[in-house]
Amino acid sequence: MIRRSLEVLSALALVSLVVALWLGRAATAAAGVGGVPGAAPAPSALQPAGTGGLATVDRALAKLSCHRRLLVIGAHPDDEDTALLTYVSRTLGGEAAYLSLSRGEGGQNLIGPELGVGLGLIRTRELLAAREIDGGRQFFSRAFDFGYTRSLDETLRLWPREALVEDAVRVVRRFKPQVVVSVFPASPQAGHGQHQAAGAVAPEAYRLAGDAAALPELAREGLAPWRPQAFYRGAWFDRNAATMTLPLGGVDPLTGRSIFQLAMASRGMHRSQDMGRVLELGSQEDRLAWVDGGAGKDGKGAFAGIDTHLAAIAAPLADGAAKREIAAHLAAAEDLAVKARAALAPERLGEAAPPLVAILKHLRAARARLAGDRGAESLGVADLLDEKIAVAETGLGAAAGIAVDAFADRETVPPGSALALQATIWNSGRSPIEQVRLAFRTDWGDGRPVSAGEPSELAAELPPNQKVDRKASLLVPAETPLTVPYFLRRPMRGSLYDWSEAAPAERGEPFGPAPLTARFTFTLDGVEVSLDREVVYRRADEALGELRRPLRVVPKVEV
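Residues numbered from 1 in each chain as written. Predicted model: local features only at pLDDT ≥ 70, side-chain atom pairs only at ≥ 80, totals over all residues. Heavy atoms only, no water.

(A) Layout of the pairing of strand β13 (residues 433-442). With 5 bridges connecting them, β13 and strand β15 (residues 456-462) associate as antiparallel partners. Residue pairing across strands places R437 opposite E457, the latter belonging to β15. One ladder, built from 7 bridges, connects β13 with strand β17 (residues 516-524); its direction is antiparallel. Bridge pairing links R437 to T521 in β17. (Pairing = 2+ DSSP bridges. Helix = DSSP H or I, 4+ residues; strand = E, 2+ residues; numbered from the N terminus.)

(B) Examining the packing of aromatic side chains more closely. Enumeration over the complete set of coordinates arrives at 9 aromatic pairs. Put simply, the rings of F144, Y486, F487, Y497, W499 and F511 touch in pairs and so form one group of aromatic residues. Taking the ring centre of F175 as reference, the NZ or CZ of R69 above it sits at 4.6 Å. Across from the ring centre of W499, 5.8 Å away, lies the NZ or CZ of R142, which sits over that ring. (Phe/Tyr/Trp six-rings, centres within 6.5 Å; stacked < 30°, edge-to-face > 60°. Lys NZ or Arg CZ within 6 Å of the ring centre and 35° of its normal.)

(C) Spatial organisation of the side chain of R170. Tracing the backbone shows R170 in helix α6 (residues 161-175). At 2.8 Å, the side chain of R170 and the side chain of D167 are in polar contact. (Polar contact = N/O pair within 3.5 Å; in protein donor to acceptor, adjacent residues only side chain to side chain.)

(D) View of the sheet that holds strand β12 (residues 418-427). Taking strand neighbours across the sheet as the criterion, the 5 strands line up as β16-β12-β10-β19-β20 in an open arrangement whose pairing is mixed. Whereas interior strands pair on both sides, the edge strands pair on one side only; in this sheet they are β16 (466-475) and β20 (545-550). Between one strand axis and the next, the sheet turns by 35 degrees as a mean value, whatever way the strands run. In the sheet, strand β10 (residues 402-408) pairs with β12 via 7 bridges, with the strands oriented antiparallel. Residue pairing across strands places A408 opposite L421, the latter belonging to β12. (Axes fitted to C-alpha atoms, helices over the stretch in contact; angles between N-to-C directions.)

(E) Just helix α9 (residues 259-267), in detail. Taken across its 9 residues, α9 has 9 buried, putting it largely inside the fold. Buried within α9 are the following residues: I259, F260, Q261, L262, A263, M264, A265, S266 and R267. Buried residues along α9 sit in contact with α3 (82-91), α4 (117-134), β7 (251-252) and β8 (257-258). (Buried < 20%, exposed > 50% of the residue type's maximum accessible area, 1.4 Å probe, protein only. Contact = heavy atoms within 4.5 Å.)

(F) Broad picture of the sheet that holds strand β5 (residues 230-234). With respect to topology, 7 strands assemble into an open sheet ordered β3-β2-β1-β4-β5-β9-β6, the strand pairing being mixed. At either margin of the open sheet sits one strand with a lone partner, and together these are β3 (137-140) and β6 (244-247). Strand-to-strand twist of the sheet, defined as the mean angle between neighbouring strand axes without regard to direction, takes the value 30 degrees. Where strand β4 (residues 179-182) lies against β5, 4 bridges are found, and the strand directions are parallel. Note on β5: the bridge partner recorded for V179 is A230.

(G) Region of interest: the nonpolar core. V57, L70, L356, I359, I425, F522 and V535 are the most contacted members of the largest nonpolar core, which has 131 residues in total. Top contributing element to this core by residue count: helix α12 (residues 376-399), with 10 residues. Dropping the residues within four chain positions of it, F522 is found in contact with I402, I425, I433, E434, Q435, V436, V527, E528, V529 and L531. Among the nonpolar cores identified, the runner-up in size contains 8 residues, and Y486, F487, A502 and F511 belong to it. (Core = buried A, V, L, I, M, F, W, Y, C linked by side-chain atoms within 4.5 Å.)

Below, the structure written as structure tokens:
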């Protein structure tokens, strides 16, 4: 009995050690991003709190001026086309994402002794640090990188094709790209067998994502079919096959760096695998080869032949009054965003608040027109509208000069213990905000996100240059599971992570949701705005200044 208890404690300690490593490297990676101003669309919870300033407002208005979404598919953490991701996000104002089939567990480690699962955790965080710079999102499949293979057949014996395709289709339906780009071909030309697997899976995901009869298990997860409109392949392996070139020499005004320099800075976040790059000056190009859809082989850009106006979000809806009304609201929102961005100036940042209020009204009116419609097309449009609403709220909060923060008195907490919390909202702008409220939301990794009590009023009115602090205590339930990434809750099945106990919304994401979030809600010019801030632990380091760590639930005893 004693021996068995020690075995259990040792296993828990190992998991806790791995998670501590993961979280520690998370903070290190995030701190490294701080040298790129405006890298994130909103202040990261691992960075000191602030409004987000000009960068957040400009990024938000850019995203509200168009409907562009592109997904890149590769095999490993160092396969992504950071130039393409940066170009779409920073030049075109669109949404870009990278699906890496694996987390890079099978490679070497330049910065430490971790291999296997531990290395995969580090590289997951390195990818997230890279996405903070290039502005993209990050996704994964269940595949565990088991090492080098020489052929596609050899790879698919350990990575079942049906599992890879299901995971890729899941990401396409969740992210909803108009354009899918495969980094690799499905031929030996790609080299590594896992590269070939990514090249084989990408076109299948492109084809099946919009097929309502395919993969019914994804419909049970709440993912409606989504049909991308164009498919390209990277021209790394055959430059002569390129059908278009994309310019990377333009300078991002918020950072003073070219798109290529930002792409190389993003690539430099892969610190465990010898990816540091010199940020060369000068013009560069990226190349793509057309495969299907869009404007065809003669198209001049990745979104050629695709309607990228905001009103195009309504395109999947059936013709009728609802579609026309939603499209009209979206067209009005785009017009406001384009004009507000053109007039944006650092010394007059608050002038962007009124148009953002109007944009938010149009987006919510469009969203309300879909209320109660459970059709597949309506659900997909609703998801995109919800995302734009969140972007508008973030931009409006920054334009109005609202900063929020929330932190706990410690980094680790055992189940059944209490956390002391503090939440702060500061109105640094020129206009008062009203009906300021606070609510906490918990998600302890059991798939049951819940509100931790009713919203409490912080202030009936918060005048300019005033802040409100609120202290609270939260009991972590005794049955709360330990903090473990969702893909490590169960033993692997061969060379695949077992996601069977993960919530549908977690599957394919880098990690699960934050265990504790503070939601600040207020009214500005008659419009309700919500800003979320992950609750973290913060402390002062005499050499490094403010340091932040995510919260984690740990055993009472570790061996």
